[in-house]
Amino acid sequence: AGRESVVHAGAEGAGAAVVGRKDLARVRLDGGAAALGRALDLAESIGASVRASSVDGDEARLLLACPADPTEAFSEIGGEVERDLGAVSVVSGALGERPGALRRALDVLTAAGFSPGSVHTAPLRWSAILPTAEIDDAVRALHGAFGGAP
């Protein structure tokens, strides 16, 4: 499902990895936390893993890694599903402490012509969600920017 490119320590001394995966679906539901709870139960029952989840007011969102098309299952509980998505991620122990590195990753993708549908940040990982067909090229762009060659 994924491909990893290890990048050795750079000028800031922190190593990083660039990872791509191509099996994602984004689900949106109305109903806030209650809808998120139902969606998490459903994700578990269909064998999907949750890559990200959020509730903002009455809207619940999930980003799932799915072994099969989840559209029918989530439609039954009122979910809107967007398929054929992937993620390109930069992973580093020091990433969250260096906002400039996060900015650099975003700048590299936009300069290369990519327009992420969403961006997710955690202390150890920065991920951009893109159409599946763009993931390999995005991995190469980020890998080159973070110090290595694929």
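Because the structure is predicted, anything quoted here is derived from the model rather than measured. (Residues numbered from 1 in each chain as written. Predicted model: local features only at pLDDT ≥ 70, side-chain atom pairs only at ≥ 80, totals over all residues. Heavy atoms only, no water.)

## Comments concerning the overall build of the protein
Right, on to step 1. Broken down by element type, the protein carries four helices and seven strands.
Right, on to step 2. Ordered by position from the N terminus, the helices and strands of the protein form the series β-β-α-β-β-α-β-α-β-β-α.
Right, on to step 3. Put simply, the protein has 150 residues, and 38% of those count as buried.
Right, on to step 4. At a minimum sequence separation of 6, the contacts of the protein that also span at least 24 residues come to 65%.
Right, on to step 5. Accessible surface computed for the protein: about 7500 Å², of which carbon and sulfur atoms make up 50%. (Helix = DSSP H or I, 4+ residues; strand = E, 2+ residues; numbered from the N terminus. Buried < 20%, exposed > 50% of the residue type's maximum accessible area, 1.4 Å probe, protein only. Contact = heavy atoms within 4.5 Å. Areas by Shrake-Rupley, 256 points an atom, 1.4 Å probe, with all protein chains shown as cover.)

## Digging into helix H4 (residues 135-145)
Right, on to step 1. Taken together, the buried positions of H4 are Ile135, Ala138, Val139, Leu142 and His143. Around the axis of H4, the buried residues are gathered within 130 degrees of arc, so they sit on the same side. (Arc of directions from axis to C-beta.)

## Quick look at the pairing of strand S4 (residues 59-65)
Right, on to step 1. When you tally the buried positions in S4, you get five out of seven residues, the bulk of the element.
Right, on to step 2. Pairing between strand S2 (residues 16-30) and S4: seven bridges, direction antiparallel. Looking at S4, one finds that Ala25 is bridged to Leu64.
Right, on to step 3. Following strand S3 (residues 49-56), the chain reverses through two residues before pairing antiparallel with S4; Gly57 in that reversal takes a positive phi of roughly 65 degrees. (Pairing = 2+ DSSP bridges.)

## Comments concerning helix H1 (residues 32-45)
Right, on to step 1. Taking 1.5 Å as the rise per residue, H1 with 14 residues should run 20 Å; its terminal C-alpha atoms sit 20 Å apart, in good agreement.
Right, on to step 2. The set of residues buried in H1 consists of Gly32, Ala35, Leu36, Ala39, Leu42 and Ala43. The buried residues of H1 occupy an angular sector of 125 degrees when the element is viewed end-on, so they sit on one face. Exposed and facing more than 90 degrees away from the buried side of H1 are Ala33, Asp41, Glu44 and Ser45.
Right, on to step 3. Those residues of H1 that are buried are in contact with S2, S3, S4 and helix H2 (71-75).
Right, on to step 4. In the stretch just after H1, Gly47 is the one whose phi turns positive, near 80 degrees. (Expected span 1.5 Å × (residues − 1).)

## A few points about the pattern of salt bridges
Right, on to step 1. Summed over the entire model, instances satisfying the criterion amount to ten salt bridges.
Right, on to step 2. The residue Lys22 makes a salt bridge to Asp136 at a minimum N-O spacing of 2.9 Å. You can see Lys22 sitting in strand S2 and its partner Asp136 sitting in helix H4, a full 114 residues away along the chain.
Right, on to step 3. Note that Arg103 and Asp107 form a salt bridge whose closest N and O atoms lie 2.8 Å from each other. (Salt bridge = Lys/Arg side-chain N within 4 Å of Asp/Glu carboxyl O.)

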